Amino acid sequence: MRYAVISDIHANLEALEVVLADIEARGPDELICLGDFVGYGPDPVACVERVRPRLAGAVVGNHDRAAVDRLDISTFNAYARAAILWTREQLTDDVRRYLDELPQDLRRPAFLAVHGSPRDPVEEYIIDAVIAGACFEAAEFRLCLVGHTHVPGVFVHDGERVTASPLPADEPLALRPTDRYIINAGSVGQPRDGDPRAAYLWLDEEAAVATLVRLPYPVEKTQEKMVAAGLPAILVERLAYGR
Ligand code: ZN
């Protein structure tokens, strides 16, 4: 099986369109989404409606939960909170129901998929090898796909140690059968690794290779929509820097 794995679309339709066009050209067996369809960006309904019919499976993100009022947003920063309150006003009943019914995790023979981490699927951030190590202990999987931090990368457990590495674009990562992996697919709609290009992960099960794909998209167009919607300026600006 060949999988395209997208995460953290965050209502960025311009980034989503570019990513979907690339994925369509490659023709994977399945398209999987790791959550955070909405929040931050200006097109929550259009993004869900565009991607939903193409998905073979998806899991829920913390912003999706917040947007349907099922997660306490008092811990969100003021800008994320403002965007969620705006997003709640935009959602149609149909999109709200879709987000509300998304599962917390998804299993395929090749992988476990969650938004945050295998031990706290919706909210935990895997930001270093220590947290990744605890996650390797907490759940059974050989490969776990995550999003949530918006920083693409890979954590490898070789049976003794856990190491963390970035995942550069277009550099195939060979998955050794003796090792365990947590791979972060990065973010379609709000990258935070200093590279403003949209990211997604290509996973070829038979070849045992995972490759991060990065694609430029018209950031200014998304920014203009965000300004027009009255979304916080800091959220508009960060898209240009990928932070
Ligand atoms: Zn997110």
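The coordinates are above.
Residues numbered from 1 in each chain as written. Predicted model: local features only at pLDDT ≥ 70, side-chain atom pairs only at ≥ 80, totals over all residues. Heavy atoms only, no water.

(A) Structural context of the side chain of D43. The topology assignment puts D43 in the loop between β2 (30-33) and α2 (44-51). By relative accessible area, which is 15% here, D43 ends up buried. Residues in contact with D43, not counting those within four places in the same chain, are A11, L13, E14 and K225. (Helix = DSSP H or I, 4+ residues; strand = E, 2+ residues; numbered from the N terminus. Buried < 20%, exposed > 50% of the residue type's maximum accessible area, 1.4 Å probe, protein only. Contact = heavy atoms within 4.5 Å.)

(B) Looking closely at the coordination of the zinc ion. For the zinc ion, the full set of protein donor atoms is D8 (OD), H10 (NE2), D36 (OD) and H150 (NE2), and the range of their distances to it is 2.0 to 2.3 Å. Between the 4 donor atoms coordinating the zinc ion, the angles at the centre fall across 84 to 179°, so the site counts as irregular. Here the donor residues of the zinc ion share one chain and are spaced in sequence as D-x1-H-x25-D-x113-H. Taken as a pair, D8 and H10 share a single burial class, namely buried. (Donors = N, O, S within 2.8 Å, 3.2 Å for Na, K, Ca; no water. Tetrahedral: all angles 85-135°; square planar, octahedral: opposite > 155°, others 65-115°.)

(C) Representation of the pairing of strand β10 (residues 180-184) in the model. By the criterion of burial, β10 is predominantly enclosed, with 4 of the 5 residues buried. By the bridge criterion, 4 bridges tie strand β6 (residues 143-146) to β10 in an arrangement that is parallel. From the neighbouring strand, L143 faces β10, where its bridge partner is Y181. Pairing between strand β7 (residues 153-157) and β10: 5 bridges, direction antiparallel. Paired with V154 across the bridge in β10 is I183. (Pairing = 2+ DSSP bridges.)

(D) Examining helix α7 (residues 219-229) more closely. What α7 keeps buried is the set V219, T222, Q223 and M226. For α7, the angular spread of the buried residues around the axis is 100°, confining them to a single face. Summarising the geometry of α7, the exposed residues directed more than 90 degrees from the buried face are E220, E224 and A228. Taken together, the buried residues of α7 touch α1 (13-26) and α8 (233-241). G230 occupies a position one or two residues after α7 and carries a positive phi of about 80°. (Arc of directions from axis to C-beta.)

(E) A look at the pattern of salt bridges. In this structure the tally under the stated criterion is 16 salt bridges. Of the charged contacts, one joins R88 and D69 as a salt bridge, the two residues approaching to 3.3 Å between their closest N and O atoms. Of this pair, R88 sits in helix α4 (residues 78-90) while D69 sits in the loop between α3 (62-67) and α4; the two residues are 19 residues apart in sequence, bridging distant segments of the chain. One salt bridge connects D195 with R214, and the closest N-O pair in it is separated by 3.9 Å. Of this pair, D195 sits in the loop between β10 and β11 (198-204) while R214 sits in strand β12 (residues 209-215), and the two are 19 residues apart along the sequence. Look at D195 and you get buried, because its relative accessible area is 19%. Since its relative accessible area comes to 7%, R214 is described here as buried. (Salt bridge = Lys/Arg side-chain N within 4 Å of Asp/Glu carboxyl O.)

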